[in-house]
Amino acid sequence: MNDIPKPREQLFGDLWEYSTAPQGSEFVQYRDEYGHFIDGEFVDSEEWFDSTNPATEETLARFGVAGEETVDEAVSAARRAFEGPWGSMAASERAKYIFRIGRMIKEKAREFAVLETMDGGKPIRESRDVDIPLVAAHFFHYAGWADKLEYAFPGVDDPEPVGVCGQVIPWNFPLLMLAWKVAPALACGNTVVLKPAETTPLTAMKFAELLQEAGLPDGVVNFVNGAGDTGSTLVGHPDVDKVAFTGSTEVGKIIQKTVAGTDTKLTLELGGKGSNIVFEDAAIDQAIEGIVDGIFFNQGHVCCAGSRLLVEESIHDEVVSKLRHRMSTLRVGDPLDKNTDVGAINSEQQLDKITRLVGVGQDEGCDIHQIDCDLPETGYYFRPTIFTGVTPSHRIAQEEIFGPVLSVMTFRTPSEAVEKANNTPYGLACGIWSDKGSKLFDVAGRLDCGVVWGNTYNQFDPASPFGGYKESGFGREGGRQGLLDYMKHS
Amino acid sequence: MASTSDRLSVYKTYKLYMDGGFPRTESGRHLKIQDDQGQFVANICHASRKDLRDAVVAAREALDGWSGRTAFNRGQILHRMAEMLEGRRADFIDMLTEQAGYDENDAVAEVNCAVDRLIWYAGWTDKFEQVFGSTNPVASKHFNFTLPEPTGVVTIFTPRNAPLLGFVSTVLPVILSGNTTIAVVDNPAPQVAMEFAEVLNNSDLPGGVINILTGVREELLVHAGGHKDIDGILSVGPDSEERETLGLEGADSVKRVEFLEGHDDWTSDEAQSPYRILPFVEFKTNWHPVGR
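A quick note: this is a predicted structure, and the numbers were derived from the prediction, not measured.

Draft legend 1. The arrangement of the overall build of chain B in detail. From N to C terminus, chain B includes nine helices and 10 strands. Over its C-alpha atoms chain B spans a radius of gyration of 20 Å, differing by no more than 12% from the 19 Å that the globule rule assigns to 292 residues. Evaluated residue by residue, chain B yields a buried proportion of 54% over its 292 residues. Partitioning the contacts of chain B with sequence separation of at least 6, the portion at a separation of at least 24 is 76%.

Draft legend 2. Quick look at helix α9 (residues 240-251) of chain B. An ideal rise of 1.5 Å per residue puts 16 Å on 12 residues; α9 of chain B measures up with 17 Å between its terminal C-alpha atoms. Burial in α9 of chain B covers these residues: E242, R243, L246, G247, G250 and A251 of chain B. An end-on view of α9 of chain B places all buried positions within 150 degrees of arc, on one side of the element. Where α9 of chain B is buried, its residues touch α10 (249-258) of chain A together with β5 (153-157), α8 (217-226), β8 (232-236) and β9 (256-260) of chain B.

Draft legend 3. Layout of the environment of F280 of chain B. Residues and elements named next belong to chain B. Within the fold, F280 resides in the loop between β9 and β10 (281-289). Judged by relative accessible area, F280 falls into the buried class, the value being 1%. The spacing of F280 and G152 is 128 residues in sequence and 7.9 Å in space, taken between C-alpha atoms. Contact partners of F280, with chain neighbours within four places excluded, come to E149, P150, T151, V154, V174, S177, N179, G232, I233, L234, R256 and E258.

Draft legend 4. Inspection of the packing of aromatic side chains at higher detail. Residue and element names in this part refer to chain A. The full count for this structure, using the stated rule, is 25 aromatic pairs over all chains. Considering the side-chain rings of F207 and F223, the 6.2 Å spacing of their centres and the 75 degrees angle between planes classify their relative orientation as edge-to-face. One end of the pair, F207, is in helix α8 (residues 202-214); the other, F223, is in strand β9 (residues 221-223), with 16 residues separating them in the sequence. With relative accessibility at 1%, the residue F207 sits in the buried group.

Draft legend 5. Geometry of the interface of chain B and chain A. With 35 residues of chain B at the interface, the matching set in chain A holds 45 residues. Here chain B meets chain A over a buried area of about 3,200 Å², counting both sides, of which 54% is carbon and sulfur. Counting the surface chain B buries against chain A, the share from its top three residues, V254, Y275 and W287 of chain B, is 23%. Here R243 of chain B and D263 of chain A are joined by a salt bridge, their closest N and O atoms 3.1 Å apart. Across the contact surface, chain B and chain A share 28 residue pairs in polar contact (both at pLDDT 80 or more). Counting only elements with at least two residues in the side of chain B that touches chain A, the list comes to α5 (128-132), β4 (142-150), α9 and β10 of chain B. Considering every element that reaches the side of chain B that touches chain A, the biggest residue donor is β10 of chain B, with eight residues. Per-class residue counts for the side of chain B that touches chain A are 14 nonpolar, 13 polar and eight charged. Sheet topology places strand β18 (residues 451-454) of chain A next to β10 of chain B; three bridges connect them, and they run parallel.

Draft legend 6. How the structure looks around the pairing of strand β16 (residues 405-411) of chain A. All names here are of chain A. Burial of β16 is extensive: six of the seven residues sit out of reach of the surface. Where strand β13 (residues 308-312) lies against β16, five bridges are found, and the strand directions are parallel. Following the sheet pairing, L310 is matched in β16 by M409.

Draft legend 7. Layout of the domain arrangement of chain A. Residues and elements named next belong to chain A. You can read the domains of chain A as domain 1 (33-270 + 469-488) and domain 2 (275-454). In this assembly, 29 residues from domain 1 lie in contact with 33 residues from domain 2. When the two sides are added together, the surface that domain 1 and domain 2 hide from each other amounts to roughly 2,700 Å², 55% of it contributed by carbon and sulfur. Considering only the surface of domain 1 that becomes buried against domain 2, W171, Y469 and K470 emerge as the three largest contributors, covering 21% of it. Here R125 and D341 are joined by a salt bridge, their closest N and O atoms 2.8 Å apart. Summed over the shared surface of domain 1 and domain 2, the result is 18 residue pairs in polar contact (both at pLDDT 80 or more).

Draft legend 8. Fine view of the sheet that holds strand β4 (residues 47-53) of chain A. Residue and element names in this part refer to chain A. Strand order across the open sheet formed by three strands is β1-β5-β4, with mixed pairing between neighbours. Each edge of the sheet is formed by a strand with only one pairing partner; in this case those strands are β1 (33-34) and β4. Where β1 lies against strand β5 (residues 58-65), two bridges are found, and the strand directions are parallel. The residue bridging Y34 from the neighbouring strand is F63, located in β5.

Draft legend 9. Quick look at a negative patch on the surface. Residue and element names in this part refer to chain A. On the surface, D44, E46, E47, E68, E69, D72 and E73 cluster together into a negatively charged patch. For the negative patch, the element with the highest residue contribution is helix α1 (residues 68-83), accounting for four residues. Here E68 is to be found in helix α1.

Draft legend 10. Quick look at the side chain of S127 of chain A. Relative to the elements of secondary structure, S127 of chain A occurs in helix α5 (residues 124-143). Dropping the residues within four chain positions of it, S127 of chain A is found in contact with A113, E116, T117, K122, I132 and P133 of chain A.

Draft legend 11. Fine view of the pairing of strand β7 (residues 164-168) of chain A. All names here are of chain A. Most of β7 is tucked away, with five of its five residues classed as buried. Residues of β7 alternate between two faces, with V164, G166 and V168 on one and C165 and Q167 on the opposite face, all of them buried. Note: β7 against strand β8 (residues 191-195), five bridges, orientation parallel. Residue pairing for β8: V168 is matched across the bridge by K195. A crossover connection joins β7 to the parallel β8 through helix α7 (residues 174-187); in handedness this β-α-β unit is right-handed. Two elements, β7 and strand β10 (residues 242-246), share four bridges in a ladder whose sense is parallel.

Draft legend 12. Spatial organisation of the pattern of salt bridges. All names here are of chain B. One pass over the full model with this rule turns up 42 salt bridges over all chains. Measuring nitrogen to oxygen at the nearest pair gives 2.8 Å for the salt bridge that ties R88 to D91. Members of the salt-bridge network, linked through shared partners, are K12, R88, D91, E195 and E198.

Draft legend 13. Examining unusual backbone geometry more closely. The backbone of N455 of chain A shows a phi angle near 55 degrees, a positive value even though the residue is not glycine. On the secondary structure map, N455 of chain A appears in the loop between β18 and β19 (473-474). Of note in the backbone geometry, D19 of chain B takes a positive phi value of approximately 55 degrees without being a glycine. Overall, D19 of chain B belongs to the partly exposed group, its relative accessible area being 46%.

Draft legend 14. Region of interest: the packing of helix α11 (residues 284-296) of chain A against helix α12 (residues 316-327) of chain A. Residue and element names in this part refer to chain A. Interaxial distance between α11 and α12 falls to 10 Å at its minimum, and their mutual angle equals 60 degrees. Comparing their axes, α12 and α11 come out oblique. The two elements α11 and α12 cross, and the hand of that crossing is right-handed. Packed against α11, whose contacting residues are I284, D285, I288, E289, I291, V292 and F296, the element α12 presents E318, V319, K322, L323, R326 and M327 at the interface.

Draft legend 15. Molecular detail of the sheet that holds β18 of chain A. Spatial strand order, β14(A)-β15(A)-β16(A)-β13(A)-β12(A)-β17(A)-β18(A)-β10(B)-β4(B)-β3(B): 10 strands in an open sheet with mixed pairing. The sheet is open, and its two borders are formed by β14 (367-370) of chain A together with β3 (134-135) of chain B, each paired with just one other strand. Sheet topology places strand β12 (residues 275-278) of chain A next to strand β17 (residues 429-433) of chain A; four bridges connect them, and they run parallel. Paired with V278 of chain A across the two strands is W433 of chain A, which belongs to β17 of chain A. Packed on one face of the sheet, helix α13 (residues 348-363) of chain A meets β14, β15 (385-388) and β16 of chain A and runs near 25 degrees to β15 of chain A.

What counts and how
- Residues numbered from 1 in each chain as written.
- Chains lettered and ligands numbered in written order.
- Predicted model: local features only at pLDDT ≥ 70, side-chain atom pairs only at ≥ 80, totals over all residues.
- Heavy atoms only, no water.
- Helix = DSSP H or I, 4+ residues; strand = E, 2+ residues; numbered from the N terminus.
- Rg over C-alpha atoms; globule rule 2.2 N^0.38 Å.
- Buried < 20%, exposed > 50% of the residue type's maximum accessible area, 1.4 Å probe, protein only.
- Contact = heavy atoms within 4.5 Å.
- Expected span 1.5 Å × (residues − 1).
- Arc of directions from axis to C-beta.
- Phe/Tyr/Trp six-rings, centres within 6.5 Å; stacked < 30°, edge-to-face > 60°.
- Buried area = accessible area lost by both parts, 1.4 Å probe.
- Salt bridge = Lys/Arg side-chain N within 4 Å of Asp/Glu carboxyl O.
- Polar contact = N/O pair within 3.5 Å; in protein donor to acceptor, adjacent residues only side chain to side chain.
- Nonpolar A, V, L, I, M, F, W, Y, C, P; charged D, E, K, R; others polar.
- Pairing = 2+ DSSP bridges.
- Domains from an automatic or database assignment.
- Patch = residues over 30% accessible without salt bridge, like charges linked within 9 Å, V, L, I, M, F, W, Y side chains within 5 Å.
- Areas by Shrake-Rupley, 256 points an atom, 1.4 Å probe, with all protein chains shown as cover.
- Lys, Arg positive; Asp, Glu negative; His and termini not counted.
- Charge placed at Lys NZ, Arg CZ, Asp CG, Glu CD.
- Right-handed = clockwise from strand over helix to strand, strands pointing away.
- Axes fitted to C-alpha atoms, helices over the stretch in contact; angles between N-to-C directions.
- Parallel < 35°, antiparallel > 145°, perpendicular 65-115°, else oblique.
- Left-handed = near helix turned anticlockwise from the far one by under 90°.

In structure tokens:
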């Protein structure tokens, strides 16, 4: 940085304190315990675990742990439904059930949003304005495909569903990931056994209650609760025809090994280390907003997060200065407060991991900057953090941190930006900021990743396919391409 | 082998096809090929792990150039392959009848179908993107579109039957999207694929796009599965052990591992499909705001 004195900064919010703007939670209803949801009924469990609110560390409810027998019952129920009512139902009737689910999500949207925030720690602003609307939209979008599948697979006479789907989802977007898995599976005529993440099973259980109200035939969608062992049992079950997993690359590889040598079809949506590439001809202020959205949205618990910032060298100081300024206005705290930008870290375990990797970044000699703010005394929180002076070989430039931590690097030419962006085993998403369209689309074409956001970041839509290159997995979710792996074709 | 009067025929030395050239296997090993009567046909190369690794380097180097060609140009090159094969139909019919135990009708059918299939896939290069890609009507002010891109370097364990048509039917849908390949050939008449390499080499196909290794399939499985610079594997007609080996080894780099049962009759229409392009493409979705 040069020595020109900086103008005095005045921050939005400097002159007054924010009042709290709490979203009420007294109207939400949930039970003290949920076992599993099999064949249209909630069933008891022998073993249990607690799910806590990461913002308060209070226990919300306890959930069952499914062993082999329970998983087997769920898969059998799904098989019966596939061979019975669901498989023989007219596609147009199937469509109406899925539309019905989408509509009912919308009716209960606020309750789902509040529960999602309580169970997972994400700001209510995000669960209310992003997660739940997208859940409803996803069911609404795929519902319409159910009786139009012959148009989705040109040249295939009579596309058939694959059968029973075993699905395992993560804790960062609990109900949205459920929707991404369940909606296309049902539209194609499959049945489902899904395992929610062990830190965020609550909204899946509320979704099960919704399915009962919707009158979906028994066994079409089943939920088994539990941790990794339950997931492993499910994906290894011999009567599961297709496995879909979203989660870490490490676990994805284990699942790929589990299904090796079997006829089970597999799609994986795994980790990422996305780059946000900012060229000197970009609209800088817009890029700053995109950088902030890219890494601090959902506390950085986003597989496609823009966790590496690649800035053209000539504008590095300006971008970092503006970014620090913008970060200082972020409000970290109670996820149920409508003003909150950055909520609670999902679990103590995840907080430990973020803390550890940030320690590694400091030990490796990178320059750290964290915003100066008070954090709640209870609950799991982490200050939005950026590292400058990072090189591609640093661990914080290679490993997925899955938290509000950004690593800043520089480049001089578009080719160097592409090389650095691609220098990772992952390939999920990247952002490009430039006002020059020809350059932007040239770079977009050279990036090894499944989603490229040009002059925007972290946009999602049910009509838009999402998924990875390389070790970020294979298969797509969203749009017509999202049907490919739920149908048989050749 | 057919011979006239007392003229001594010339044996042909078959080598590997790699990076647009015909090197011997670095291992110096050979396999003896006989016809269905037990008569000597040729000594072919018994490719090693090192040959596989060399072929991967060639395929990787060729990737940017090949995938960077226009789809139209790739189509022209595939069509050129068909032209070259058409001109050598008689050679391949002779090879199949004299060395691979085919009767005349079956040999003619296989060669004709191979030419026609090359033409069919040549036409797909600039169409599959329109058929399987999309513009997406997102509910926001964004232009959103999805395109298939090649996965990268793909190893193909080619069919154990139909030495010409099986090869063409499995390699073409993989390379037409811009992938580069290492085709492993282990069948009763592997010299047919090496003969076909000469067709490829005369077709403006850049070196390294299709590399061909003859040898023992089981020996190369584990090395291909575990090679981190191979992005995908197509295994045609695998047994259960092969499926497990490739699945386990491939998982360490989240490889795209695709199994194809194969066909008794590769001339069947079912042996060609644009859906055979899809296992080795990656869909990329682009977003851009629309506004003033």
